[in-house]
Amino acid sequence: DNDVSKAHKLLAQALEWREARKPDVHDYAELEREARTGKIRVAQKLDRWGRPVVIFDNTVQNTKDPDANMRFLAFNLEHALRRMTPPVEKYVIFMHLGDGP
């Protein structure tokens, strides 16, 4: 909608979030622990429109640390963003919501 002030506000919020959450700083032992069961992952292949596919599967949840879960989610979303090539600007999120362990 070409609203420059709205875009400025959204960009400022995104930069504040990145500064606070630091999605580019990783604790690799924590990532390995969170990734062990494949509860969140980015598919190796892109969909037919060239978009990365992020897969959430709560049936294989293996930890109870919400902060670690959020850092792992941010890591995977950043990974999906880095897999995009122009003109792709979106990714697909597939969620398998079932009874957990």
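Located above this text is the structure these notes cover.
**Description of the packing of helix α2 (residues 28-35) against helix α3 (residues 66-82)**
Interhelical geometry of α2 versus α3 gives an angle of 90 degrees and a closest axis separation of 10 Å. Regarding the angle of α2 to α3, the classification is roughly perpendicular. Where α2 approaches α3, its residues E30, L31, E34 and A35 are matched on the opposing element by A68, N69, R71, F72 and F75. For the contact of α2 with α3, the class distribution of residues is five nonpolar, one polar and three charged.

**Concerning the sheet that holds strand β2 (residues 53-57)**
Strand order in the open sheet made by the three strands is β1-β2-β3, with mixed pairing throughout. Two strands lie at the open edges of the sheet, namely β1 (40-42) and β3 (92-96), each paired on one side alone. For this sheet, the mean angle separating the axes of adjacent strands, direction not counted, is 15 degrees. By the bridge criterion, three bridges tie β1 to β2 in an arrangement that is antiparallel. When the sheet's bridge partners are listed, R41 is paired in β2 with I55. Against the sheet, α3 touches β1 and β2, its axis set at about 10 degrees to β1.

**Quick word on a nonpolar patch on the surface**
Taken together, the side chains of I93, M95 and L97 define a hydrophobic patch exposed on the protein surface, amounting to about 320 Å² of accessible area. Note on placement: I93 falls in strand β3.

**Description of unusual backbone geometry**
With an omega of 10 degrees, the peptide bond running from P86 to P87 counts as cis. With respect to the helices and strands, the residue P87 is situated in the loop between α3 and β3. Even without a glycine there, the phi angle at K22 is positive, about 50 degrees.

**Digging into the side chain of E34**
The topology assignment puts E34 in helix α2. Using a relative accessible area of 2% as the deciding quantity, one classes E34 as buried. Among the polar contacts made by the side chain of E34, one reaches the side chain of K39 at a distance of 2.4 Å. Excluding residues that lie within four positions of it along the chain, E34 makes contacts with K39, N62, T63, A68, N69 and F72.

The rules we used
Residues numbered from 1 in each chain as written. Predicted model: local features only at pLDDT ≥ 70, side-chain atom pairs only at ≥ 80, totals over all residues. Heavy atoms only, no water. Axes fitted to C-alpha atoms, helices over the stretch in contact; angles between N-to-C directions. Helix = DSSP H or I, 4+ residues; strand = E, 2+ residues; numbered from the N terminus. Parallel < 35°, antiparallel > 145°, perpendicular 65-115°, else oblique. Contact = heavy atoms within 4.5 Å. Nonpolar A, V, L, I, M, F, W, Y, C, P; charged D, E, K, R; others polar. Pairing = 2+ DSSP bridges. Patch = residues over 30% accessible without salt bridge, like charges linked within 9 Å, V, L, I, M, F, W, Y side chains within 5 Å. Areas by Shrake-Rupley, 256 points an atom, 1.4 Å probe, with all protein chains shown as cover. Salt bridge = Lys/Arg side-chain N within 4 Å of Asp/Glu carboxyl O. Buried < 20%, exposed > 50% of the residue type's maximum accessible area, 1.4 Å probe, protein only. Polar contact = N/O pair within 3.5 Å; in protein donor to acceptor, adjacent residues only side chain to side chain.

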